[in-house]
Structure formats: structure tokens, C-alpha cells
Amino acid sequence: MSVTGQHEGFSPATLPNHDLSRMLLDNLATGVFGIDRAGRFTFVNQAAVRLFGFAAPDAVLGKESHSLTSHANDLGIHYNDSDCPIYRVMSTGEPLESGTDTFRRVDGSPFFAQVHAVPLKDGAGEVCGAVVAIEDITERLFRERTLAQYKAVFEASRDAIVLHDQRVIVHCNPASVALFGASGPADLIGRHPGGCSPEFQPDGRTSREAADGYTKQALSQGSVAYEWLCRALNGRTFPSEVMLSRVDLPEGPILQAVIRDITDRQVAERALRRSESELAAAQEIAQLGNWTWDIAGGTLAWSDEVYRIFGVQPANFSPNYSDFLSFVHPADRERVTAAIDLALNGPGDYDLEHRILRADGSQRTVHERGRIVRDAAGKPLRMRGTVQDVTERRALEDQLRYERDLGETVLEGLPAIFFLLDEGGRPIRWNRNLETVIGIPADGIGGHRAIECVDPADRHRVAAAIRKTLDEGSGDVEAGLLSRHGWPIPYYLTGNRVELANEVFLVGFGVDLSERRRLELELERQASHDRLTGLYNRWKFEEALNLETERARRYGTAFSLIMFDIDRFKQVNDTYGHDVGDTVLQEMAAVVGQQIRRTDVLARWGGEEFMILLPETGREHARWLAEATRARVAQTDFPGPGRLTISLGVTEYLNGETLSTLLKRVDQAMYEAKQRGRDCTVAA
């Protein structure tokens, strides 16, 4: 023992139990494995073994990961170092927060996976490998896509869809609410499937008996189609066509009934058998009526459908031209009379869309067409035409126009960039954000290929991602977009293939990663550095010490530790205050940091204690370096107290010893330096 001791009450840190860490790793549900810079497996937990179908962890340790997992691009070509997102983590030192890729198991079966990867660094701060977490999301993606598709079809279906569990209705779509005249789903849910029917069906069976029979048939055969007499909640009965299908769920089978009101169809079928009512039925279905205007007499002849459109009964109303104008919306009346006058005095055609106000006060939109019939002298005699109720069509067109405008507004308001590429990778549409980022005006973007807006170093990967998206349906990539200033801005780009008018396009979005990258670096720095001095904190130093110990055990190299403490630091705080004390600690870190070698690791151990790790350094050389450090500190004027001294303990790692023993020895050496009067170095 040369010099140093341990503070009273000090409990040295202990290493995590290796067996416990391994047990926790093997019991994770997520697959975790490590690779070195050459791509070889360094460890594989049990979840990853099961996920890839390996025989055992030992069967793959030390083997190249790509050949065993078939981690390839969309062309089936294995990633090289520059393309592989996991290798990129090792080359850049930046973690892969979340990525989706395709892998294959040992038996050749593919699966989609969510991938997270972080770089693994050695004691010198150099990346020596990566730790990868991987989770099979194939089933989840399939379930989510299937559920979304079914929900969209269920809600948007024009046919009524009712789900029941053989006893009562458990769910229904908006079309079923409208079909049965309910105020909401709650009016139907909880009823027996036969409860939305009259007591008896046309074949004489009770509705409950018949419903139970069809239920059993659907359960045994999978589906059954039949005609059914329904009754709305207001008592109205109507014929329907029902397709009853069994749907197998994890909790048991349920039944889906697709119900279509076939009243109109039956009316049409009867109308076809009665030729005299065929035209009337067709007009009713099409909401298209015909009319004739006797110009001289001013009278109008309307078909039944025209009466229905205008909301009046034929028995109570004999229309004339003035009556027609009274139905026209006041705001449209001048435009209608002008169009009619033009037809009377011009070529004779009348084609106009306008609004009407019905007798009950409701408003409808109609499309009218007419043609003048003239006598031999060219004098107008009659006008014949049609009127069609286009209220719903106009509402749909307005809704589509609104949704289009809304879509444009949303795209322009997105914080992300948006782009639509054709199959050749040329921009077709984009939002203003893209113009702002790359600094190319709207009239210039269309003249570029999308790949030209990307950092040249990333163009190969982006081109591959575009091809993958167009071939497989979706893709994503992280790449730099060239800004208006010429430097790349990191973006996370995602895309999906869409087909419009039988042509293939890529619709994509991009999110700026600049702030996230900055925050990640800052969080990493805060987690590993002392906030006051900017040095490594105790946790980070212990990590570096663990790595150096492992290296010494494996390769037989030497390393030493220096532990030092500022002498009489309590007096500094008591005399000058803690603000000055903090400044002294910061200045001490700067002075010693300039004194040590580039390969040495300086950390704040706690309070006014500091630790230095000296790789590949024996005890005597470490003692010499400690003395040089002590002398440098003694010659420095610190803000407030002026000259200060430090007491140092030095020790060398002994092969096979525990870190607890090593840390205790260097602490004792420093304590002995204190006992010897401070401002000295003791080697143990």
C-alpha cells in the first residue's frame, strides 16, 4: 500500500448480476439479439430464437446475421453495409427508433417485423456493434387492415347489416337504422332477430320459429339466403332479401344478416307484367317525370312522378304555368323565366337546373329539359319535357366537392410534406411544405424527378424504397432532402401505392427528423454526463470501467485508476457559498481534463470526488500522471479561494479481481493521502 483510504460510510457500487440479466433477457416477449461490426450474432435471446426458428442460440452465435434472417431489399438482394438500416446504426452511431422490414425464418416463411436498434460502444466510445429488438407484427397488420376494411364496408354499406348472437341483435349499421325507422342503434340492439317482423311470415310460420330455423341452417352450412317479411318500428311491413352468414370469432360464432328492401324490385316486377304502369314505375324509380305545357292555354299535364316531385296530389291539383312558377324558388325564378323565354324565341331547347319549394316547405333541386313544338308558321304550340329530382345527387356532388376542398386544406395544413409520384418517380402533386423545404417553386417541381431532391448519398436507398413501394404496396426510408440552402435535412419518408383511373401512383408523406435527432442526442448526453461539470457521471464511468475490465480479462491488458478529492472543499462552500463551490468544481474539471490523455476517461464520482480511468497503463506510470495532475492543480488560481490542492489515490487492476475490490483499494489509497496531510499521491 502506497497511499489512500476509504471514506467512512462509503458503500462501493456492485455490478449487475450476469445470470439475472440473462434470465430477464430470455424472458422478454420481444426478440433481442446483438451483432458486431461484421454483422455476426453476439447474443440471441429465446424470443428471437423462436421468432426466426433457430435450433438454439449457440447454433447461430458468431454467424453472419443477414444470411440467417434473409434481411433483404425488395429485389431479394441482401442489404450491403450502406443499405441495411441496422448496419446504418453502427456506421452512424444513431439509433433506429422504429422501422418496419421483412425477414424470413429458417423454414423460409416471411414475416413483417417492427425493428428497434441502438449502437453498442466500447470503452473508447467507438461503436463496436448494435443491439436489435425485433417483434413480429404480421398478424397485427393483417388484423388491423381487415378490421378497418370491414368497419368501412359495414358503416358505408347501403344494405342493412345486423349482427346477432343467435338470441338478440348485438350490433347494426346506419343503413339498418334507416331501414327499420329507428332513431338509433339502441332501438334495435337487444331485440330477437325475429322481433323486427310481423307475427307470421307469408308461409304461415311464426317469425320467431322461422328465424330460429334459418339461424340453425346458417350455423351448420355457413350461410343461407331467403326472402323475409320485415316490419319497421312504425308498423310498416316490407319484403326483403336476407343473406344470413356465420362469422367465427375467437369468443364464438355470431351471425351477420345483410337485409335489402326489395319493395321497389317487386313493384318493378309487377309493373313489367302490367304494361300500362311500366312507364310510371320506371319514372318513380328514376325520380324522373314528364310534362307537356300547352302554351296558348297555359295548362300543364304532369305524369304521376312530377306530382310526387312537387309534393302534391293529382286528385287535388290541376297545374298551370303560373302554378309551376309559384313552386320555383324565389331566388331562381328570374333565371327560369329567362331560360323559358329564350327557348320560346330561340332554337327551342330548354335545359336548366333550379330549386323548388314544395307545399310542405321542403326544398328540392330539379333538372328540367324541354323542347318547343311549333306549327307550320313557326309559332310555339307546346313545350314537352322532363323533370328529374336531383337533390340527392346534387348533395352528393356538394359533399364530394367539400371533401375535395377539405382534403386540399388538410394537405396544405399538414406539418409534414406530401407528394404524389407517377410510376416513373415524377411529382404529380405536392403541398406547399415541400416547396418551402426544397426551395423549388410550384412551376418547377414538376420538371424534376423526385430523386433529384434527395441528398446524393441517399439516392440509391430512396430509389430502392420507391421501387419497393410501387411493387409491394408500401415502403419507408430515412433520407436527407436537399434544402434551398444546399444542405440535407433528415426526413422520415413513407409511401403507399394507389391506383387511380387504372394508373399506379405513389402517395407519400415526410416528417422532419431534425428536432428529434437533436433531442435524442441531448437526452443521451444528459443521461451519461454530470450536469454541473459536463464530465461523465458515475453511471457512465462504471459502464466504461466494466468494458475496460472485460478487455483486460480477455486480452491481458493493464489499466489503472486515479481517484482524487479536493482538499478542504467544505471550507470553500462555507466561506464563499455554493455558487463559488460549483464554479470551482467546473474549473477543476476543465484543468484536469486538459492534463489527462485523450484515451483517459475523467468522471465526477460524487460531490468533490473525481475518478480517472487510464487504459493500458501500469501503476507506476499512473502514479507519475497523478503527480503531474496534482502539480498542475496546485499551480492554478481558482475563482474565490485562489490556490487549492487535491489528494490522489492510484491503483492498478489485478487480473481476476472484482471491480468492488478495485474500487475499494483506490478509495483507501486516496483516504491515506488525506491522512498523510493532503496534497499528495498514494499508490496502492
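Figured I'd write up the structure that's included with this text. Everything quoted here is computed from the prediction, not taken from an experiment. (Residues numbered from 1 in each chain as written. Predicted model: local features only at pLDDT ≥ 70, side-chain atom pairs only at ≥ 80, totals over all residues. Heavy atoms only, no water.)

Considerations on the overall build of the chain
This is how the line gets drawn: A run of H or I in DSSP counts as a helix once it spans at least four residues, and a run of E counts as a strand once it spans at least two, with each numbered from the N terminus. What makes two residues a contact is simply this: any of their non-hydrogen atoms within 4.5 Å. For the area figures, the Shrake-Rupley method with a 1.4 Å probe applies, and any residue is considered shielded solely by the protein chains shown.
For the chain, the helix and strand inventory stands at 22 helices and 27 strands. The contacts in the chain between residues at least 6 apart in sequence include a share of 50% that link residues at least 24 apart. Accessible surface, the chain as shown: approximately 36,400 Å² in total, 52% of it carbon and sulfur.

Quick notes on the side chain of S560
Just so we agree on the cut-off: Each polar contact in these results corresponds to two N or O atoms within 3.5 Å; when the atoms are within protein, one needs to be able to donate a hydrogen and the other to accept it, and residues that are neighboring in sequence are counted only if both atoms are side-chain atoms.
Position of S560 relative to the elements: it lies in strand β21 (residues 559-566). Within the local environment of S560, its side chain forms a polar contact with the backbone oxygen of T617, the two atoms lying 2.7 Å apart. Among the polar contacts made by the side chain of S560, one reaches the main-chain carbonyl oxygen of G618 at a distance of 3.3 Å. Setting aside anything within four residues of it in sequence, one finds S560 in contact with I612, L613, L614, T617, G618, R619, A622, T651 and E652.

With respect to unusual backbone geometry
The phi torsion at R568 lies on the positive side, around 55°, for a residue other than glycine. Relative to the assigned elements, R568 resides in the loop between β21 and α19 (569-576).

A few points about the state of the cysteines
What counts is decided by this rule: For the purposes of this analysis, a disulfide is any pair of cysteine sulfur atoms at a distance within 2.5 Å. For every residue, the accessible area obtained with a 1.4 Å probe (protein chains only) is divided by the maximum for its type, and the residue is called buried under 20%, exposed over 50%, and partly exposed between those limits.
Summed over the entire model, instances satisfying the criterion amount to zero disulfides. Note on C172: no disulfide assigned, nearest cysteine sulfur contributed by C196 at a separation of 8.8 Å. Not part of a disulfide, C230 finds its nearest cysteine sulfur in C196, a span of 7.7 Å. Its relative accessible area of 2% is what places C230 among the buried residues.

Comments concerning helix α22 (residues 659-675)
Keep this limit in mind: Here the expected length of a helix is defined as 1.5 Å per residue gap, with one fewer gap than residues.
An ideal rise of 1.5 Å per residue puts 24 Å on 17 residues; α22 measures up with 24 Å between its terminal C-alpha atoms. Restricting attention to buried positions, one finds in α22 the residues L659, L662, L663, R665, V666, D667, A669, M670, A673 and K674. Directly after α22, the chain includes G677, whose backbone phi takes a positive value near 110°.

Section: the pattern of salt bridges
For the record, the criterion: Any carboxyl oxygen of Asp or Glu that lies within 4 Å of a side-chain nitrogen of Lys or Arg is treated as forming a salt bridge with it.
Following the criterion strictly, the structure yields 36 salt bridges and no others. One salt bridge in this structure joins D332 and R355, with 3.0 Å as the shortest N-O distance. Here R355 lies in strand β13 (residues 349-357) and D332 lies in helix α12 (residues 330-345), a separation of 23 residues in the sequence. A salt bridge links K468 to E472; the nearest nitrogen and oxygen atoms lie 3.6 Å apart.

Structural notes on the pairing of strand β8 (residues 223-231)
We count it as follows: DSSP bridges decide pairing: two strands pair if at least two such bridges lie between them.
The alternating pattern of β8 places V224, Y226, W228 and C230 on a buried face, while none of S223, A225, E227, L229 and R231, on the opposite face, is buried. In the sheet, β8 pairs with strand β9 (residues 237-249) via nine bridges, with the strands oriented antiparallel. Among the inter-strand pairings, L229 is bridged to a residue of β9, identified as P239. Connecting the antiparallel pair β8 and β9 is a turn made up of five residues, with G235 showing a positive phi of about 95°.

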